[in-house]
Amino acid sequence: TKIKLAFILDKHDTIGIDCVAMCVNDVACAGGEPLFFLDYIACGKNEPEKIATIVKGVAEGCKMAGCALVGGETAEHPGLMPEDEYDVAGFSVGVVDEKDLITGKDIKDGDILAGIKSSGVHSNGFSLVRKVFSMTEESLNTYYDSLGATLGETLLTPTRIYVKALKSVKESGIKVKGCSHITGGGFYENIPRMLKDGVKAVVEKDSYPVPPIFTKLAKEGNVDEHAMYNTYNMGIGMIVAVDPADVDKTIEAIKATGDTPYVIGHIEDGEKGVTLC
């Protein structure tokens, strides 16, 4: 529902990047390399300029992910959708050798968790965002020193694409044992997906800085900590589990692509799940 903000602010050039990011990050998370992307835009009224702006964002996202935009579809639904509204969907196809699939089967006690910084709220939890903050043009255009930008700019910041960072880790010869794309469901629902039975992830909350937008959200919406970590990425968009011997090399490989990595925790024997401490 992030597109609701794009409607209010009449800013449509980044929403396509989000659409691409949500697909290609999942492909990369499985150890794959995105090959191509297709988009679908449904709108109440086809305004060529607006559609071109959205597609420009999609193309930009594909460029960041190193995949081809091979086609798309724009469907006009007069009477079904309001004239000034649209919806964007898309999918990506990637390739991976079976031996390089990231399945979590080799994760073991003592492995280290490296997290890669997110660019902000990304594309999840916007129903809650829209409940907490007033969704008016005036409110979204208000500048906050703590954010270093307007509320709208901060919230519309496109989802970070991690394809190059994960590819860099792979090309450094490091075996990524587990990988988790932190989307809807936050830490609590996404991290267990990369774990096998019998191991749990321990994440240290103070191992990296939480972006100010999440602090603001929690405070103004009176959202408790568990709910925040169960809804948002809290500043970490992708997590990889690697052998302790590979940590330094992993951090260097992620930095080489311009991303910001942090060592945020480790794996322990125990019931499958996540402990935040």
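You'll find the structure just up there.
Read on for an overview of the structure. (Residues numbered from 1 in each chain as written. Predicted model: local features only at pLDDT ≥ 70, side-chain atom pairs only at ≥ 80, totals over all residues. Heavy atoms only, no water.)

Going through the model one piece at a time under the given rule, you end up with 14 salt bridges. R160 is the partner of D259 in a salt bridge, and the nearest nitrogen-oxygen pair spans 2.8 Å. In this pair, D259 is assigned in the loop between α11 (247-255) and β10 (261-269) and R160 in the loop between α6 (151-156) and α7 (163-171), connecting sequence segments 99 residues apart. Assessed through its relative accessible area of 30%, R160 is described here as partly exposed. With a closest N to O distance of 2.7 Å, E220 and K216 form a salt bridge. Placement of both E220 and K216 in helix α9 (residues 212-221) is noted, with a separation of four residues, approximately one turn of the helix. What makes E220 partly exposed here is its relative accessible area of 44%. Taking relative accessible area as the criterion, K216 reaches 12% and is therefore assigned buried. The network of salt bridges with shared partners includes K108, D111, K177 and D243. (Salt bridge = Lys/Arg side-chain N within 4 Å of Asp/Glu carboxyl O. Helix = DSSP H or I, 4+ residues; strand = E, 2+ residues; numbered from the N terminus. Buried < 20%, exposed > 50% of the residue type's maximum accessible area, 1.4 Å probe, protein only.)

Scanning the entire structure with this criterion turns up four aromatic pairs. When the ring of F7 is compared with that of Y86, the centres are 4.9 Å apart and the planes differ by 80°; the resulting orientation is edge-to-face. Taken together, the residues F7 in helix α1 (residues 3-9) and Y86 in strand β3 (residues 86-95) connect sequence positions 79 residues apart. Just as F7 is buried, Y86 falls in that class too. Ring centres 5.9 Å apart and planes at 40° place the aromatic pair Y208 and Y262 in the tilted group. Of this pair, Y208 sits in the loop between β8 (199-203) and α9 while Y262 sits in strand β10, and the two are 54 residues apart along the sequence. The class of Y208 is buried, set by a relative accessible area of 6%. One residue, K216, lies across the ring of Y144, its end atom 3.7 Å from the ring centre. (Phe/Tyr/Trp six-rings, centres within 6.5 Å; stacked < 30°, edge-to-face > 60°. Lys NZ or Arg CZ within 6 Å of the ring centre and 35° of its normal.)

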